[in-house]
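If you want the building blocks of each chain, they are given just below.
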Amino acid sequence: MATVRLGFGRQNFCLFKRSFLLLKLIAVVFAVLLFCEFLIYYLVIFRCNWPDLKTPAYDGEQETHEPVLKAMFLADTHLLGEVRGHWLDKLRREWQMERAFQTALWLLQPEVVFILGDIFDEGKWSSTQAWADDVKRFQKMFRHPRHVQLKVVAGNHDIGFHYQMSSHRIKRFEKVFNPERLFSWKGINFVMVNSVTLEGDGCNICSEAEAELIEISHKLNCSREEHHTNQCGDGQPLPRSAPVLLQHFPLYRRSDANCTGEDAAPLEERGTPFKERYDVLSREASQKLLWWLQPRLVLSGHTHSACEVLHGAGISEFSVPSFSWRNRNNPSFIMGSMTPTEYALSKCYLPFENTVLITYCGAAGFLVVLILAHFGFLDFPFLFGCQLLRKFKTV
């Protein structure tokens, strides 16, 4: 009878040990998933702060405070489509962007978010059904409260390069995103340009785009006049503020050779010459934009890498890196504190993909060691190591 009880006790003890091992494994897996898929975004983005503007100007003895607009700028999300998008790639990269965006909204509380083109990866050839599916996923990932405005400009992957572009693709893009070419808020003018249409070859779409930009230029020029002339009309005047130019293609530059920083293009790629109308806008289109709009700041995407360029008359252009792990190991976005006369920009980095992968690999290794130790497979190597140490001490 005692033997039976002893055997039953041992069986219970073994069952308890296995259950305890299973609980430990589940706890480790849960903790790693919680950290890599949720907490890491809060820990990294929490370190980002809105940049401070210069000291407010003085008007006699009165200190004048202009309202500050908090704006986020991101680019090149490249949501994968049905042709080139593997389900695992979609799941991994889109979850990363969704968690990063939602965490940034919650922690940073921006008032407006601008996405500078290439929202989709296959918009240039996707079918009607595929387009609808991609739009649905985008709206889920980049959902936002009503008090936060989301503004989007078109990129070459959304409507195609000039030779792929069509009125149908442009209209379906505009139907979803309803892009405003001219957007004013808190006294700040933003001009959002469809840079794909600035080919300069006189095509119907390009001619319409240029005519629209000339009209915007006229409105901006009227806003700079103290006394409106008859040519300006009786409409509501724009704020007297030099605009911020937002577009997908960067203005013309020879290459990224002068770009610096950890999120600039790789060193071996920086000297590669850019091709006009493919990598950057043409010289002519760039000069037209600067002449027509006279912006105080330019923000663009497309290259997937960061760069700061100074154009004629001291106009700064910032190329915004890609927001997706698919294009960069270290994605980021730009935070801007803006008034009608001043602006300050800072960069907010997202978690590095390598960090997450290394964490998963380390956790997997720890689980293997835990299992081997439980079944006693590490006893012999441990004892053998102890014997070697003893021999070494004896010698």
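Computed from a predicted model, the values in this text were never measured in an experiment.

Okay, the overall build of the protein next. When helices and strands are tallied, the protein shows ten helices and 13 strands. Taking all 395 residues of the protein together, 47% fall into the buried category.

A word on the nonpolar core. Counting residues in hydrophobic clusters, the biggest one holds 69 residues, and the most contacted among them are Leu74, Phe142, Val191, Leu289, Phe323 and Phe333. Broken down by element, the residue count for this core peaks at nine residues, all from helix 1 (residues 2-45). Aside from chain neighbours lying at most four places away, what touches Val191 is Arg181, Leu182, Leu213, Ile216, Leu220, Pro243, Val244, Leu245, Leu246 and Leu293. Counting residues in hydrophobic clusters, the runner-up holds 20 residues, among them Leu69, Ala71, Val153 and Ile188.

Following the criterion strictly, the structure yields two disulfides and no others. There is a disulfide in this structure between Cys48 and Cys348, and the S-S distance comes to 2.0 Å. Here Cys48 and Cys348 share a disulfide; its torsion about the S-S bond, 80 degrees, makes the bridge right-handed. One end of the pair, Cys48, is in the loop between helix 1 and strand 1 (58-59); the other, Cys348, is in strand 13 (residues 343-349), with 300 residues separating them in the sequence. Side by side, Cys48 and Cys348 carry an identical accessibility label, which is buried. Across a sulfur-sulfur distance of 1.8 Å, Cys259 and Cys307 are joined as a disulfide pair. Judged by the sign of its S-S torsion, about -70 degrees, the bond between Cys259 and Cys307 is left-handed. With Cys259 in the loop between strand 8 (244-246) and helix 7 (267-270) and Cys307 in strand 10 (residues 307-311), this pair connects stretches of sequence that are 48 residues apart. Residue Cys259 shares its accessibility class with Cys307, and that shared class is buried.

Before going further, it helps to examine the packing of aromatic side chains. Aromatic ring pairs are defined here through the distance separating the ring centres and the angle between the ring planes. Tallied over the entire structure, the rule returns 19 aromatic pairs. Ring centres 6.2 Å apart and planes at 55 degrees place the aromatic pair Phe323 and Phe333 in the tilted group. With Phe323 in the loop between strand 11 (315-319) and strand 12 (332-338) and Phe333 in strand 12, this residue pair connects regions lying ten residues apart in the sequence. Residues Phe323 and Phe333 agree in their burial class; the two are buried. A connected cluster of aromatic rings, assembled from ring pairs, spans Phe101, Phe120, Trp131, Phe138, Phe142, Phe173, Phe177, Phe323 and Phe333. Above the ring of Trp95, the side-chain terminus of Arg99 is found at 5.6 Å from the ring centroid.

Applying the stated criterion across every chain yields a total of 18 salt bridges. A salt bridge links Glu180 to Lys151, with the nearest nitrogen and oxygen atoms 2.3 Å apart. Pair noted here: Glu180 is in the loop between helix 5 (167-177) and strand 6 (182-185) and Lys151 is in strand 5 (residues 149-153), with a separation of 29 residues, a long-range link. Classification of Glu180 by relative accessible area gives partly exposed; the value is 31%. Between Arg253 and Asp256 there is a salt bridge, with the nearest N and O atoms lying 2.9 Å from each other. According to the relative accessible area criterion, Asp256 is buried, its value standing at 3%.

The rules behind each value
- Residues numbered from 1 in each chain as written.
- Predicted model: local features only at pLDDT ≥ 70, side-chain atom pairs only at ≥ 80, totals over all residues.
- Heavy atoms only, no water.
- Helix = DSSP H or I, 4+ residues; strand = E, 2+ residues; numbered from the N terminus.
- Buried < 20%, exposed > 50% of the residue type's maximum accessible area, 1.4 Å probe, protein only.
- Core = buried A, V, L, I, M, F, W, Y, C linked by side-chain atoms within 4.5 Å.
- Contact = heavy atoms within 4.5 Å.
- Disulfide = S-S within 2.5 Å.
- Phe/Tyr/Trp six-rings, centres within 6.5 Å; stacked < 30°, edge-to-face > 60°.
- Lys NZ or Arg CZ within 6 Å of the ring centre and 35° of its normal.
- Salt bridge = Lys/Arg side-chain N within 4 Å of Asp/Glu carboxyl O.

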